[in-house]
Every structure is written in C-alpha cells, then in structure tokens.
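# Residue-level structural notes
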Amino acid sequence: MKSVYDACTKDKVKVSYSLYAILFELGLNPSSKGTIYLKELIEYIVLNNLHDHSYKEILELFVSYKHYKLKNVKDNIKNVLYRIDYTKAKKNFEKYLSIQFDPYFLSPNKFISIIALKYKD
C-alpha cells in the first residue's frame, strides 16, 4: 500500500508543533481561530519558501490554496494580534525570537514575517 505522506512530513510536523508552542508563549489565545490561521499561514510560507513575497500576495495564495475567505482570515489574524497578552509577549519575545519586543511588530505583516524567518533554514 502506498503511503499518503511524503518526505516532508517530518519537517512539517516539527514546524507545526514548535510553531504552535511559540505562538502560545508569545501571548496568543490558543482557542482563537486567528491563532490557527497564523499557524497555518506561517507553515505555508515556510513549506513553500515564500519569504520574499508580500503579505498580500502570500495571503491571496494561502486562501486560494486552503479555500478560506480572505476577509475572515484577515479579520481573525488582526483580532488575535490585537488581543495578545502583552505581559507574556514582553517576557517571551526576546527568548523565542531573539529581538526585543515592540508593539510595532504586532501588525500581521511584521509578526508573520518575523516568525517565518525564524524557520527559514
């Protein structure tokens, strides 16, 4: 019987578990749909090597690939970043991302770029 998994499965699982843990440690709500979208979007960027594309292009590719509605994804990502636990973010931002916390990094574009670049190699 042929397996439905390809050679990238182990890498995807590794990125997935560590990424989810980091998002929680950075103060994102684990039960929010926006956190799930963020995780899936960052995985999509890493697995498809889309680091040099704009946020708008990546988002359009992602929603067409996953068959999501663009407005829902954008709104949920904005909301989860708006409701981030600042105490946790300040405490863990430098620990996990090696940069000092600044609210400027909480825009969807900046936040996704920073975390995706962490998994680039």
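Before going into details, it helps to say that this report is about the structure given with it.

Parameters and conventions
- Residues numbered from 1 in each chain as written.
- Predicted model: local features only at pLDDT ≥ 70, side-chain atom pairs only at ≥ 80, totals over all residues.
- Heavy atoms only, no water.
- Helix = DSSP H or I, 4+ residues; strand = E, 2+ residues; numbered from the N terminus.
- Buried < 20%, exposed > 50% of the residue type's maximum accessible area, 1.4 Å probe, protein only.
- Contact = heavy atoms within 4.5 Å.
- Areas by Shrake-Rupley, 256 points an atom, 1.4 Å probe, with all protein chains shown as cover.
- Core = buried A, V, L, I, M, F, W, Y, C linked by side-chain atoms within 4.5 Å.
- Phe/Tyr/Trp six-rings, centres within 6.5 Å; stacked < 30°, edge-to-face > 60°.
- Lys NZ or Arg CZ within 6 Å of the ring centre and 35° of its normal.

### Considering the overall build of the protein chain
Within the protein chain, the regular secondary structure consists of six helices and zero strands. For the protein chain, with 121 residues in total, the buried portion stands at 39%. By sequence separation, contacts in the protein chain at least 24 residues apart represent 57% of the contacts at least 6 residues apart. For the protein chain, the computed accessible surface area is about 8,000 Å², with 52% contributed by carbon and sulfur atoms.

### Considerations on the side chain of asparagine 92
Along the chain, the position of asparagine 92 falls in helix H5 (residues 86–97). Its relative accessible area of 3% is what places asparagine 92 among the buried residues. Every residue in contact with asparagine 92, bar those within four places of it in the chain, is listed here: Glu25 and Leu26.

### Let's talk about the nonpolar core
Core analysis: the biggest nonpolar cluster contains 35 residues, and Leu28, Leu38, Leu41, Ile77, Phe111 and Ile115 have the highest contact counts within it. Elements supplying a minimum of two residues to this core: helix H1 (9–25), helix H2 (33–48), helix H3 (55–66), helix H4 (70–82), H5 and helix H6 (108–118). Those residues in contact with isoleucine 77 that lie beyond four places of it in its chain are Gly34, Tyr37, Leu38, Leu41, Tyr55 and Pro108.

### Some points on the packing of aromatic side chains
Tallied over the entire structure, the rule returns nine aromatic pairs. When the centroid spacing of 5.3 Å and the interplanar angle of 75° are considered together, the rings of phenylalanine 93 and phenylalanine 101 count as edge-to-face. The ring of tyrosine 20 has lysine 39 lying over it, and the distance from NZ or CZ to the ring centre is 5.4 Å.

Taken by themselves, the reported measurements are silent on function.
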